[in-house]
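Structural overview for review
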Amino acid sequence: MAATLTQLLSEHALRAPGATALIYRDKRTTYHALDDESRRLAQAFKDLGVTQGDRVALWLPNTPAWLACLFACARLGAIAIATNTRFRGAEMEDIVARGTPKLIVLWPGFRDIDFLGIIETLKPRALKSLRGIVAYAEDGGIPLPRSIRGVPVFEYSRLIERDPLAEDF
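A few points on the structure.

This next bit is on helix H3 (residues 64–76). An ideal rise of 1.5 Å per residue puts 18 Å on 13 residues; H3 measures up with 19 Å between its terminal C-alpha atoms. All of the buried residues along H3 are Pro64, Ala65, Trp66, Ala68, Cys69, Phe71, Ala72, Cys73, Arg75 and Leu76. One or two positions beyond H3, positive phi appears at Gly77, with a value near 75°.

Okay, here's the thing in structure tokens:
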């Protein structure tokens, strides 16, 4: 019997790899695909310096990527900070300053909101813990800067091209 959420996901992926784990916008995601993406993302997060006890802010809507990020954090023993996409400057500044995430995962063009522009307005003290901004996109997304106020920006789609994390923490 699984002792952790990631073990539960992996067991489902082994037992029924083609079974539907979730449906998003009429597209089915299998347990195997979700397990694999979360492992690849976990390896990417690890490569970006996320370790056990670190925090990752998930400033995403309800997408399969949100779940992949949650499982990736769990695989590393990191803490996922669920952040409402309705939050703007003051709320995000407080969350980032007090939560001290190493990464923020966001969807820059979601509902035409300038999430990257909001990050740009945060005070430097709020950004000091950040090692990176991970930009998720659907349907191509928008052009991304290389960095925002010295914090590198990474494409989610490129991060999940990495080899999957072999073993949870």
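What follows is about the packing of aromatic side chains. Counted by the stated rule, this structure contains 4 aromatic pairs. Between the aromatic rings of Trp107 and Tyr136, the centroid separation amounts to 5.4 Å while the plane-to-plane angle is 90°, which identifies the pairing as edge-to-face. Of this pair, Trp107 sits in the loop between strand S5 (103–106) and helix H5 (115–121) while Tyr136 sits in the loop between strand S6 (132–135) and strand S7 (147–148), and the two are 29 residues apart along the sequence. According to the relative accessible area criterion, Trp107 is buried, its value standing at 9%. Centre to centre, the rings of Tyr136 and Tyr156 are 5.2 Å apart; their planes meet at 90°, and the pair counts as edge-to-face. Residue Tyr136 is located in the loop between S6 and S7, and its partner Tyr156 is located in helix H7 (residues 156–159); the two are separated by 20 residues in the primary sequence. Tyr156 sits in the buried class, given a relative accessible area of 3%.

How each quantity is defined
- Residues numbered from 1 in each chain as written.
- Predicted model: local features only at pLDDT ≥ 70, side-chain atom pairs only at ≥ 80, totals over all residues.
- Heavy atoms only, no water.
- Helix = DSSP H or I, 4+ residues; strand = E, 2+ residues; numbered from the N terminus.
- Expected span 1.5 Å × (residues − 1).
- Buried < 20%, exposed > 50% of the residue type's maximum accessible area, 1.4 Å probe, protein only.
- Phe/Tyr/Trp six-rings, centres within 6.5 Å; stacked < 30°, edge-to-face > 60°.

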